[in-house]
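The residues making up each chain are set out below.
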Amino acid sequence: MFYRSTRFSNALKRRAKLLSIALCSMLLVACSATFYQQLLSSYSDQLSWSRSLVAQGQASKAAAAFKAGDSGTAQYLRLLEQGRLEYLSPDSEQSLASFSQVDQQLRWLSTQPNYRVSSGLQQTASLISNDNFIEYTIPPYEQAMLHYYQAQNYLEQQGLSGALVEVRRANRLQQQALSEAPRDLEQELREYRTQYQAVLGEYPQSGLSSTLSDPYQLASSHALAGAMFVAAGEPNDAYISYRKALSLAPDNPDLKAEVGRLGKRLGMSDVEQYSGGAELDLGEGQGLVVLIAEQGLVQARQEVKFTVPIPDGRHWRYYSVALPVMTGVRSADNLAFQLGDKHYVAAPMTNFSAVAQRQLQEDLPGLILRQVLRLATKDGLTREVEKSTKEEELAGALMNIYNIVSERADTRHWQTLPAQDNIAIKAIDSGSHRFSVPGWMNSESTINVSAGRVTLVFAGEYTVTRSFQL
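Residues numbered from 1 in each chain as written. Predicted model: local features only at pLDDT ≥ 70, side-chain atom pairs only at ≥ 80, totals over all residues. Heavy atoms only, no water.

1. Some thoughts on the sheet that holds strand β1 (residues 286-295)
Then step 1. Strand order in the open sheet formed by eight strands is β8-β7-β4-β5-β6-β1-β9-β10, and the pairing between neighbours is mixed. The open sheet has two edge strands with one neighbour each: β8 (445-449) and β10 (463-469). Put simply, the sheet's adjacent strands are angled 25 degrees from each other on average, direction ignored.
Then step 2. As paired elements, strand β9 (residues 454-460) and β10 share five bridges and run antiparallel to each other. By the bridge assignment, phenylalanine 458 is partnered in β10 with arginine 466.
Then step 3. Lying on the sheet, helix α14 (residues 253-266) is in contact with β1, β5 (342-351) and β6 (420-429); it crosses β6 at an angle near 50 degrees. (Pairing = 2+ DSSP bridges. Helix = DSSP H or I, 4+ residues; strand = E, 2+ residues; numbered from the N terminus. Axes fitted to C-alpha atoms, helices over the stretch in contact; angles between N-to-C directions. Contact = heavy atoms within 4.5 Å.)

2. Topic: the nonpolar core
Then step 1. Val199, Leu224, Met228, Tyr242, Leu255, Leu323 and Leu456 are the most contacted members of the largest nonpolar core, which totals 93 residues.
Then step 2. Ranked by residue count, the leading element in this core is helix α16 (residues 352-384), at 10 residues.
Then step 3. Every residue in contact with valine 199, bar those within four places of it in the chain, is listed here: Phe306, Val308, Val321, Leu323, Ile368, Val372 and Leu375.
Then step 4. Within the second largest apolar cluster, 17 residues are counted, among which are Val289, Leu291, Leu339 and Val457. (Core = buried A, V, L, I, M, F, W, Y, C linked by side-chain atoms within 4.5 Å. Buried < 20%, exposed > 50% of the residue type's maximum accessible area, 1.4 Å probe, protein only.)

3. Some details on the environment of leucine 96
Then step 1. Summarising the element assignment, leucine 96 is placed in helix α6 (residues 92-110).
Then step 2. Take leucine 96: its relative accessible area is 15%, and that puts it in the buried class.
Then step 3. Spatially, the C-alpha atoms of leucine 96 and leucine 146 are 9.7 Å apart, while their sequence positions differ by 50 residues.
Then step 4. When residues no more than four places from it in sequence are discounted, the contact partners of leucine 96 are Gln150, Asn153, Tyr154 and Gln157.

4. Looking at the packing of helix α13 (residues 235-248) against α14
Then step 1. Look at α13 against α14: their axes get within 9 Å of each other, and the N-to-C directions meet at 150 degrees. Classified by the angle their axes make, α13 and α14 are roughly antiparallel. α13 and α14 meet at a crossing whose hand is left-handed. In contact with Pro235, Asn236, Ala238, Tyr239, Tyr242, Arg243, Ala245 and Leu246 of α13, α14 contributes Leu255, Lys256, Glu258, Val259, Leu262, Gly263, Arg265 and Leu266.
Then step 2. Taken together, the residues that form the contact of α13 with α14 break down as 10 nonpolar, two polar and four charged. (Parallel < 35°, antiparallel > 145°, perpendicular 65-115°, else oblique. Left-handed = near helix turned anticlockwise from the far one by under 90°. Nonpolar A, V, L, I, M, F, W, Y, C, P; charged D, E, K, R; others polar.)

5. Overview of the pattern of salt bridges
Then step 1. Inspection of the entire model under this criterion finds 17 salt bridges.
Then step 2. Note that aspartate 131 and arginine 370 form a salt bridge whose closest N and O atoms lie 3.1 Å from each other. Here aspartate 131 is found in the loop between α7 (120-127) and α8 (140-157), whereas its partner arginine 370 is found in helix α16, with 239 residues between them in sequence.
Then step 3. Given the relative accessible area of 3%, aspartate 131 is considered buried.
Then step 4. Residue class for arginine 370 comes out partly exposed when judged on its relative accessible area of 22%.
Then step 5. Within this structure, Asp103, Arg107, Glu166 and Arg169 form a network of salt bridges that share partners. (Salt bridge = Lys/Arg side-chain N within 4 Å of Asp/Glu carboxyl O.)

6. A short note on the pairing of β1
Then step 1. Taking burial as the measure, the 10 residues of β1 include 10 buried ones, the bulk of the element.
Then step 2. Neither face of β1 is left uncovered, since the one carrying Gln286, Leu288, Val290, Ile292 and Glu294 and the one carrying Gly287, Val289, Leu291, Ala293 and Gln295 both have all their residues buried.
Then step 3. As paired strands, β1 and β6 are joined by 10 bridges and run antiparallel to one another. Note that in β6 the partner of glutamine 295 across the bridge is glutamine 420.
Then step 4. Sheet analysis places β1 next to β9, joined by seven bridges and oriented parallel.

7. Regarding the side chain of arginine 301
Then step 1. Following the sequence through the fold, arginine 301 ends up in the loop between β1 and β2 (302-312).
Then step 2. Given a relative accessible area of 4%, arginine 301 falls into the buried group.
Then step 3. Among the polar contacts listed, one links the side chain of arginine 301 to the side chain of aspartate 363, at a separation of 2.9 Å.
Then step 4. In contact with arginine 301, not counting residues within four places along its chain, are Ser44, Pro324, Val325, Met326, Gln359, Leu360, Asp363, Asp410, Thr411, Arg412, His413 and Gln415. (Polar contact = N/O pair within 3.5 Å; in protein donor to acceptor, adjacent residues only side chain to side chain.)

8. With respect to α6
Then step 1. The end-to-end C-alpha distance of α6, which contains 19 residues, comes to 26 Å, matching closely the 27 Å that a straight helix rising 1.5 Å per residue would cover.
Then step 2. Residues of α6 that are buried include every one of Ser92, Ser95, Leu96, Ser98, Phe99, Ser100, Val102, Asp103, Gln105, Leu106 and Leu109, and no others.
Then step 3. Contacts made by the buried residues of α6 are with α5 (75-88), α8 and α9 (160-179). (Expected span 1.5 Å × (residues − 1).)

9. Description of α13
Then step 1. Spanning 14 residues, α13 covers 20 Å between terminal C-alpha atoms, matching the ideal 20 Å at 1.5 Å per step.
Then step 2. Against α9, α12 (219-231), α14, α15 (271-275), β1 and β6 lie the buried residues of α13.

10. Section: the confidence of the model for the protein chain
Then step 1. For the protein chain, per-residue confidence averages 83 on the pLDDT scale, and residues scoring 70 or more make up 76% of the total.
Then step 2. Mean pLDDT across the secondary structure elements of the protein chain bottoms out at α7, with 47, and peaks at β9, with 98.
Then step 3. Low pLDDT (under 50) marks residues 28-34, which in the prediction has seven contacts with non-local residues, meaning those over four places away or in another chain.
Then step 4. Counting interchain partners and residues more than four positions distant, the pLDDT-below-50 stretch residues 116-122 has nine contacts. (pLDDT = per-residue confidence, 0-100.)

Structural data, given as structure tokens:
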């Protein structure tokens with residue numbers, strides 16, 4: 001049961017009723033203008049058209065139509081989407097510029113710790129509407145992917161030195177995320193534990209099935225750093241990065257073999273512990289080809305709605321509840337590709353849908369707590385609008401309608417990321433080789449390999465293949 005903590009005088013009750021009427025009118029008018037998307041449209045719905053265009057191989061069209069602009073509380077998330085669409089187009093110059101805006105904001109936030117807590121106005125708005133009115137906080141894995149794509153953009157625009165700065169920043173960020181303790185909600189839950197458990201009991205438990213234990217570290221980021229460190233002549237850093245990638249993708253045979261090669265070269269005593277005895281044989285006249293290939297699009301959060309009954313004397317009031325859910329996340333698959341006249345397989349590295357689902361698990365306690373507080377607030381407002389006059393009867397009806405239509409789940413997360421990526425690390429004879437992935441629209445490309453050098457290849461199901469001799 002939700003209890004009111006204070007008793008209003010008759011005058012205060014009257015003011016509360018008038019405030020409720022004004023508030024409903026203001027927000028219902030606002031929803032037809034600037035607040036419409038945040039109030040009545042989920043983020044996943046807003047991104048569905050762009051995601052559909054990408055899946056049809058029209059990333060450039062999606063990028064041209066997608067403008068982040070002043071997108072309210074999701075402005076910097078939408079800039080991440082824009083930068084990714086421009087990357088897929090491909091337009092590395094524009095992608096770099098979009099991502100740089102997000103990077104500048106994150107740098108500023110890092111110097112303003114108190115700003116990380118949403119403003120009182122946003123918190124108040126969320127208590128009478130939904131969580132989409134709270135500023136979106138970019139989680140560590142999305143920040144790491146920002147640097148991951150910026151490294152590729154800098155590689156194309158400025159060369160290896162600029163790219164190395166980005167992969168090092170990604171490494172530091174992921175290490176820092178490990179040391180930051182998750183927020184403790186015990187104090188806030190104390191008063192609302194029963195209501196919290198009631199809402200959690202209605203939540204689809206299949207949405208909590210992620211098997212990932214660490215949502216902060218990405219094999220993709222560490223593997224890219226490893227390849228670049230090899231090219232830069234920094235084998236110690238390369239060994240450490242590849243070893244981290246292998247710890248996150250322990251069944252990947254090519255990561256094992258490269259860890260074995262580097263560990264043996266460096267004389268590491270622990271190399272067999274990580275590589276299992278595997279070792280890549282890089283012969284004379286051969287170069288190292290590192291392929292990172294992206295498949296599909298990350299699964300989007302969906303909205304699940306249910307009702308929660310609240311007792312009111314002999315009667316029950318029913319309130320709409322909306323929460324995000326991710327169910328049915330697929331396991332990652334191998335990827336077949338051809339290089340020259342030989343066929344190879346790239347094994348899975350990062351399952352981004354599983355990472356996003358694991359992040360939702362991290363977010364869920366806070367989401368449910370705010371949902372409980374929102375129910376208490378809406379219930380308190382509704383109770384103050386007594387049905388004793390026609391004016392107040394209309395206000396009560398407006399409150400009930402508003403409670404239903406304003407309840408939307410917070411489905412925000414970076415939704416143009418791939419569903420998964422794969423990696424292959426191969427010793428290839430020097431020369432020009434034709435690369436392709438069966439069934440992919442724009443994968444065909446000529447890969448140039450030089451003896452003793454690293455050739456880094458980026459391929460994607462919905463973009464062109466790019467290769468760099470480092």
